[in-house]
Amino acid sequence: SLMLALIGGTVTLPHLLIRQYAVKDPAAARKSSGLALVLIALGALLALSLGLGAMASMQLDPTRPLLAATLFAKSFGSLPFALLSAIAFLAVLGSGAGLLLAAAGALAHDLLPALGQRPLDERGTLRTARIAALAVGILTLLVALAGPGMDPFFLLLWALDIAAAANLPALTLRLFWKRATTRAITASILVGLGSTLLWLLLSPDAFTHLYHLPASSAPVPFNHPTLLTLPLATLTLILLSLTTPRPRPQ
């Protein structure tokens, strides 16, 4: 279930979603997304080989899983260690920037215009996106400052659990299955998000890190529910798409 979250969550983060914004037609979107999926799969295999290499070289500390690659590089000398550390820092900045732009774009282009009485013009959309980016950035900083002792790996896995169940079925079936409807996609996102978040809040990790209670008192048996919530969201989308009429093109 954890590996499914790592793979399914990664392919639905802005690394893939951002490729939908600069294509000329649906065929180009499918081609671009397929290429991104292949590259992300190769990256996952590379991470696996790096972890195995770090274990074989006796450079891996099991209590510090995020440092496996950098400790492995350090065993070859200071220069590989410095280069890999710089690349990792740039990757963190790139991921953060992508998430910030995706959040601001979703708020400015999708959520706020849908809640308003009239659509925004180009200048209003740009102003809204800037305000949304600032608000999301400040909120992120406040969350980071509120929990300095919390393991970032714990929060990262939560994000991937939610992304895999809420985004993956909607994104892939919308791209590669013509029968998918907007109502079914919306329901699938809500089911994936709600079921995953409920499970995570009742998980042993949540009882340990958030509630400071014994993990044995958690009502669910394991931490990462993707093995259950991803099929549930996918089944919701398929069944609703097959049982609801497709909207007629305007």
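These figures come from a predicted structure and were not determined experimentally.

Peer 1: Where do I start with the nonpolar core in this structure?
Peer 2: A general trend in soluble globular proteins is that nonpolar side chains are found buried together. Counting six residues, the largest nonpolar core is built from A170, L173, A180, A184, I185 and L237. Broken down by secondary-structure element, the contributors of at least two residues to this core are α7 (152-176) and α8 (182-201).

Peer 1: Any chance you could explain helix α1 (residues 2-10) here in plain terms?
Peer 2: Since the α-helix turns once every 3.6 residues, residues separated by three or four places project in the same direction. Those residues of α1 not exposed but buried are A5, G8 and G9. Buried positions in α1, seen along its axis, are confined to an arc of 95 degrees and lie on one side of it. Buried residues along α1 sit in contact with α7 and α10 (226-243).

Peer 1: Could you clarify how one ought to interpret the environment of T172 in this entry?
Peer 2: With respect to the helices, strands and loops of the structure, T172 is situated in helix α7. Separated by 160 residues in sequence, T172 and T12 have C-alpha atoms that sit 9.2 Å apart. A distance of 2.7 Å separates the side chain of T172 from the backbone oxygen of L168, its partner in a polar contact.

Peer 1: I tried to follow unusual backbone geometry on my own but got confused; where do I start?
Peer 2: The bulk of non-glycine residues show a negative phi, and the bulk of peptide bonds are trans. Even without a glycine there, the phi angle at H212 is positive, about 55 degrees. On the accessibility criterion, H212 (66% relative accessible area) is exposed.

Peer 1: How should I be thinking about the packing of aromatic side chains in this particular structure?
Peer 2: Two numbers describe a pair of aromatic rings. These are the distance of the centres and the angle of the planes. By the definition in use, this model includes two aromatic pairs. Seen in terms of ring centroids, W199 and F222 are 5.1 Å apart; in terms of plane orientation they differ by 45 degrees. Their pairing is tilted. With W199 in helix α8 and F222 in the loop between α9 (204-209) and α10, this residue pair connects regions lying 23 residues apart in the sequence. By relative accessible area, F222 is classed as partly exposed at 32%. Ring geometry for F207 against Y211: centres 5.2 Å apart, planes inclined by 85 degrees, an arrangement best described as edge-to-face. Judged by its relative accessible area of 12%, F207 falls in the buried class. With relative accessibility at 36%, the residue Y211 sits in the partly exposed group. For K74, the ring lying beneath its charged end belongs to F81, and the centroid distance is 5.4 Å.

Conventions and cut-offs
Residues numbered from 1 in each chain as written. Predicted model: local features only at pLDDT ≥ 70, side-chain atom pairs only at ≥ 80, totals over all residues. Heavy atoms only, no water. Core = buried A, V, L, I, M, F, W, Y, C linked by side-chain atoms within 4.5 Å. Buried < 20%, exposed > 50% of the residue type's maximum accessible area, 1.4 Å probe, protein only. Helix = DSSP H or I, 4+ residues; strand = E, 2+ residues; numbered from the N terminus. Arc of directions from axis to C-beta. Contact = heavy atoms within 4.5 Å. Polar contact = N/O pair within 3.5 Å; in protein donor to acceptor, adjacent residues only side chain to side chain. Phe/Tyr/Trp six-rings, centres within 6.5 Å; stacked < 30°, edge-to-face > 60°. Lys NZ or Arg CZ within 6 Å of the ring centre and 35° of its normal.

In short, the description is geometric, and any link to function would need to be established separately.
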